[in-house]
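Residue-level listing of the chains:
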Amino acid sequence: MSQEPEQATDRPPGGVSRRTLLATGTAAGVLGVGAGVGGAALLRSRAPDIWSRPDVSGTPPVGGLHLQFGRDASTELVVSWHTTDAVRDPRVMLGTPTSGFGSTVAAETRTYRDAKSNTEVRVNHARLSGLSPDTDYVYAAVHDGAHPELGTARTAPAGRKPFRFTSFGDQSTPTLSKLTDGKYLNDHIGSPAAGDTTMAIERMAPLFNLVNGDLCYANLAQDRIRTWSDWFANNSRSARYRPWMPAAGNHENEFGNGPIGYGAYQTYFSVPDSGSSPELRGLWYSFTAGSVRVISLNNDDVAYQDAGNSYVHGYSGSEQKRWLAGELAAARRDPGIDWVVVCMHQTAISTAQANGADLGIRQEWLPLFDEHHVDLVLCGHEHHYERSHPLRGTLGTDTRTPIPVDTRSDVIDVTRGTVHVVIGGGGTSKPTNGLFFSDLRCRVITGVGDFDAALGHKPPIYVLEDAPWSAFRDRENPYGFVAFDVDPGAPGGHTTIKATYYVLQGPYGVVRAVDEFTLTKPRG
């Protein structure tokens with residue numbers, strides 16, 4: 001395997017060696033254990049994609065059904081689906097498992113035109129508000145002439161109650177969709193594991209799932225729209241029953257799509273409004289579930305590495321940084337918030353000879369994480385699993401090496417420092433667990449060189465340093481995710497988050513626990 005990180009261009013695709021059961025539109029009959037009400041609906045659902053055959057009326061079907069939370073996850077949800085043709089009266093029928101559908105909510109339609117194919121994609125978003133906390137709902141997404149697609153959803157608890165969430169990044173798709181010389185290929189570094197990850201998440205039945213960037217790698221694909229469609233068709237088997245909340249990664253940056261390349265991502269998702277400029281809508285946001293404030297960032301704004309279809313370092317003019325500083329300060333003033341969790345793509349830590357850690361993140365984000373005592377940072381970008389000791393402050397070096405404040409790795413007092421976790425084994429065909437340094441070393445991207453036409457990007461400039469912050473890294477397993485169980489504890493006591501890293505052990509979401517640790521702090 002090449003030790004060069006993959007770059008987002010229209011150049012060499014990756015391939016996979018076998019066709020997957022989870023081809024577009026064929027996986028709807030697979031039932032994930034632990035899916036509850038959602039699992040029952042899954043058996044009845046066709047999970048079509050936007051390229052599926054139209055309904056009898058000629059109307060395009062409901063494709064890529066998925067959920068997102070609003071800013072208050074206890075009362076707000078968004079139901080989304082997409083087509084490539086105009087539809088009439090997109091809407092969601094909403095009810096409860098015991099009373100059936102009782103109301104109808106109109107959907108807003110957003111569009112983007114893919115610059116490569118000149119095809120317009122239409123995404124419908126129905127905003128459900130005024131919901132009851134910690135409550136199960138049933139819904140059906142439909143537009144005129146289409147068969148309704150069913151789903152279920154559960155709102156977050158209000159206040160301090162236990163719940164589970166999951167996280168991973170760097171997934172791609174399990175489908176083989178490009179026909180070349182009589183052979184089916186995957187030209188966006190996907191693998192069958194991308195489908196197994198979805199089933200494993202659904203077995204865990206989390207309240208929500210965080211996707212830490214590099215969702216489908218459409219910017220590597222010849223057919224970007226089909227690649228997005230494949231990603232939603234695969235993940236709708238879980239995302240129609242629980243919100244999959246994304247962070248944009250470098251592979252969401254697509255040449256010609258939107259003013260800075262994220263037009264597709266910004267259209268497919270309707271995440272909580274951060275008050276950003278219209279052209280930056282949805283690239284960073286936050287939501288609250290129970291006593292946890294989740295903050296999603298777009299690191300291409302601050303990272304030095306050039307790994308998208310275009311180099312957009314500094315694109316927000318510090319708008320994102322100002323928002324983050326205010327958001328962190330507000331979270332720490334809120335008496336109902338015990339935990340601050342950051343979800344982002346590129347990472348400040350890595351002990352692999354892959355992409356490496358990025359100095360831009362250390363310069364721009366880590367001082368804010370320290371100042372406001374962020375508890376947990378979840379990343380992807382490196383296609384493996386590793387985590388840090390609790391970190392606070394940096395050494396006085398040019399690379400700003402993070403300082404570990406404790407080396408106990410099973411129970412971690414996060415009042416002393418922030419724990420960073422890289423969870424990039426979501427399913428790509430280019431895992432990096434085989435690229436760890438033999439000793440604890442880190443390659444830090446400190447800048448980029450001039451544009452190299454042969455490479456198609458600006459090459460990274462690396463500095464090699466020791467990595468005293470490294471607590472655990474998984475050399476053996478390429479694919480996995482982490483489940484986080486939030487326990488609010490008792491008044492006057494401690495609250496905890498127990499983290500369990502699961503690795504994929506086979507098809508249909510079979511997993512095995514490999515690493516466990518518990519974060520603890522006084523309850524607010």
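Now for a quick tour of the structure. Computed from a predicted model, the values in this text were never measured in an experiment.

Now for the overall build of the chain. The helix and strand tally for the chain stands at 7 helices and 29 strands. For the chain, the residues scored as buried account for 61% of the 524 residues in total. About 18000 Å² of surface is accessible on the chain, with carbon and sulfur atoms providing 50% of the total.

Our next topic: helix 3 (residues 224-239). By the largest-angle criterion, Ala233 marks the main kink of helix 3, which is about 30 degrees. With respect to burial, helix 3 is a largely interior element, 15 of its 16 residues being buried.

Moving on to unusual backbone geometry. Phi is mostly negative for residues that are not glycine, and the peptide bonds are mostly trans. The phi angle at Asp134 is positive, at roughly 55 degrees, despite the residue not being glycine. If you trace the backbone, Asp134 turns up in the loop between strand 6 (120-128) and strand 7 (136-142). Judged by relative accessible area, Asp134 falls into the partly exposed class, the value being 29%. Located in the positive-phi region is Ser318, a residue other than glycine, with phi close to 75 degrees. Structurally, the position occupied by Ser318 is in the loop between strand 15 (292-296) and helix 5 (319-333).

Moving on, we come to the side chain of Asp170. With respect to the helices and strands, the residue Asp170 is situated in the loop between strand 9 (163-168) and strand 10 (178-180). Lys430 is the oppositely charged side chain nearest to the buried, salt-bridge-free Asp170, at an N-O distance of 12 Å. Asp170 has contacts with Gly213, Asp214, Tyr217, His345, Gly380, His381, His383, Gly424, Gly426, Gly427 and Thr428, leaving out every residue within four places of it along the chain.

A few words now on the pattern of salt bridges. Counted according to the given criterion, the structure contains 27 salt bridges. Between Asp515 and Arg387 there is a salt bridge whose closest N-O contact spans 2.7 Å. A residue pair is termed long-range when its members are at least 10 positions apart, and Asp515 in strand 29 (residues 511-522) and Arg387 in strand 19 (residues 385-388) qualify at 128 residues. Across this residue pair, the class does not change: Asp515 and Arg387 are buried. Here the residues in one salt-bridge network are Arg71, Arg293, Glu327 and Asp334, joined through shared partners.

Scoring rules and cut-offs
Residues numbered from 1 in each chain as written. Predicted model: local features only at pLDDT ≥ 70, side-chain atom pairs only at ≥ 80, totals over all residues. Heavy atoms only, no water. Helix = DSSP H or I, 4+ residues; strand = E, 2+ residues; numbered from the N terminus. Buried < 20%, exposed > 50% of the residue type's maximum accessible area, 1.4 Å probe, protein only. Areas by Shrake-Rupley, 256 points an atom, 1.4 Å probe, with all protein chains shown as cover. Bend = angle between axes of the 7 residues up to and from the residue. Lys, Arg positive; Asp, Glu negative; His and termini not counted. Salt bridge = Lys/Arg side-chain N within 4 Å of Asp/Glu carboxyl O. Contact = heavy atoms within 4.5 Å.

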